Amino acid sequence: MLTERHLEIFVALAEEEHFGDAAQRVGITQPPLSQALRRLELLLGVRLFDRERGVSLTEEGAALLPHARRALTALGELRETGSRESADGRRLRLGLPPELPPRLGATVAASPVRGGVRARVSVVTAPTATLLTDVSAGRLDLAVVRHPAVLHGLSAGPVTLLPTWLLEPDRAEAAQRDAAHLARGLPYAVRPRAESPAAHDLFLDTIAGRGRRVETVVVSDERAGLALVAAGQAVLVTADESLTADGVSRRPTTSPALRLRLRVVWDARRLAAAHAAAAAEALVGALASAHRPGAGAAR
């Protein structure tokens, strides 16, 4: 699918005539810029640049350049219209990850309005990878995402660490006395890696770093993971203190402490309206000041 990012990279390289300079201009490193260019050429079925002697446009590239510039100009004008609507208090589009506990998510989403921002807030829940794409494309104004993640030039607030709990089958007193053994004997219920690759890998590396053999089972959401825990087939790490079921016990994740790492992201190029900047500040503040019951035990 042809995206605005493809056009931005194409125009930057056409004007800079240098891969490193073009990558710096669009806020990424050279390898992803080269990959995006190859995808664009595959989508169009033509070669856009001659790389034998420096970087120069082919005939097809020269023909595409004015169209790409006009398309980017039109998209910029469309965003300005949206920014003016948002400045009038019409719309503020927020994205939240499914790992964010519902109670905290509601507090974070409401924080701009509670802070005096005049806006009609709309909220979507989606995986971190999707949220980052939507913020970059201008479909969302702000999003809370899992950390770490590749931001591709987006601005971000500080990382907030939320305590988590390990949910495991309640196997009477014997299991409770040896909870660590129980946790090692069952797979961890996890969401698909593609939703947040870097954070997913850090989670597993943190467990494996303590000498544990890490086995996983992929689930669509935490409710599905909870069902497996209740059935005695998995354990689940969650930041949602209210998530529970019959036959399930919980304890803070202390060995190791598997914190949920979150941060607010936005595109500074698009977040020009005063209310949007205030909204970003409000979200960052709400997330950073979250006080979770049991946090002290999970440190």
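For the structure itself, consult the block above.
Everything quoted here is computed from the prediction, not taken from an experiment.

**Thoughts on the overall build of the chain**
When its secondary structure is counted, the chain shows 12 helices and 13 strands. Counting all 299 residues of the chain, 45% fall into the buried class. Contacts in the chain between residues at least 24 apart in sequence constitute 71% of all its contacts with a sequence separation of at least 6.

**Here's the deal with the packing of aromatic side chains**
Scanning the entire structure with this criterion turns up 2 aromatic pairs. Judged by centre distance (6.0 Å) and plane angle (80 degrees), the ring pair of Y188 and F203 falls under edge-to-face. Of this pair, Y188 sits in strand β9 (residues 188-190) while F203 sits in helix α9 (residues 197-208), and the two are 15 residues apart along the sequence. In terms of burial, Y188 and F203 fall into one category: buried.

**Description of unusual backbone geometry**
Residue P148 is bonded to the preceding H147 through a cis peptide linkage, with omega at 5 degrees. Secondary-structure assignment places P148 in the loop between β5 (142-146) and β6 (155-156). Residues other than glycine seldom take positive phi values, yet E17 does so here, at roughly 55 degrees. In this structure, E17 sits in the loop between α1 (4-16) and α2 (19-26). Residue classification places E17 among the exposed residues on the basis of a relative accessible area of 52%.

**Section: α9**
Across its 12 residues, α9 extends 16 Å between first and last C-alpha, which sits within 8% of the 16 Å expected from 1.5 Å per residue. Looking only at α9, the buried set comprises A199, H200, F203, L204 and I207. Down the axis of α9, the buried set is contained in an arc of 130 degrees. They therefore lie on one face. Buried positions along α9 lie against β5, β9, β10 (216-218) and β11 (236-238).

**Looking at the pattern of salt bridges**
Pairing between side chains becomes possible if they bear opposite charge and their charged atoms approach one another. Tallying each qualifying case throughout the model produces 12 salt bridges. Between R25 and E16 there is a salt bridge, and its shortest N-O distance comes to 3.2 Å. You can call R25 partly exposed: its relative accessible area is 41%. Accessibility expressed as a relative area gives 33% for E16, which makes it partly exposed. A salt bridge links R51 to E41, with the nearest nitrogen and oxygen atoms 3.3 Å apart. Pair noted here: R51 is in the loop between β1 (49-50) and β2 (56-57) and E41 is in helix α3 (residues 30-44), with a separation of 10 residues, a long-range link. Several salt bridges converge on common partners, so that one network encompasses E15, E16, R25 and R69.

Reading the values: rules and limits
- Residues numbered from 1 in each chain as written.
- Predicted model: local features only at pLDDT ≥ 70, side-chain atom pairs only at ≥ 80, totals over all residues.
- Heavy atoms only, no water.
- Helix = DSSP H or I, 4+ residues; strand = E, 2+ residues; numbered from the N terminus.
- Buried < 20%, exposed > 50% of the residue type's maximum accessible area, 1.4 Å probe, protein only.
- Contact = heavy atoms within 4.5 Å.
- Phe/Tyr/Trp six-rings, centres within 6.5 Å; stacked < 30°, edge-to-face > 60°.
- Expected span 1.5 Å × (residues − 1).
- Arc of directions from axis to C-beta.
- Salt bridge = Lys/Arg side-chain N within 4 Å of Asp/Glu carboxyl O.

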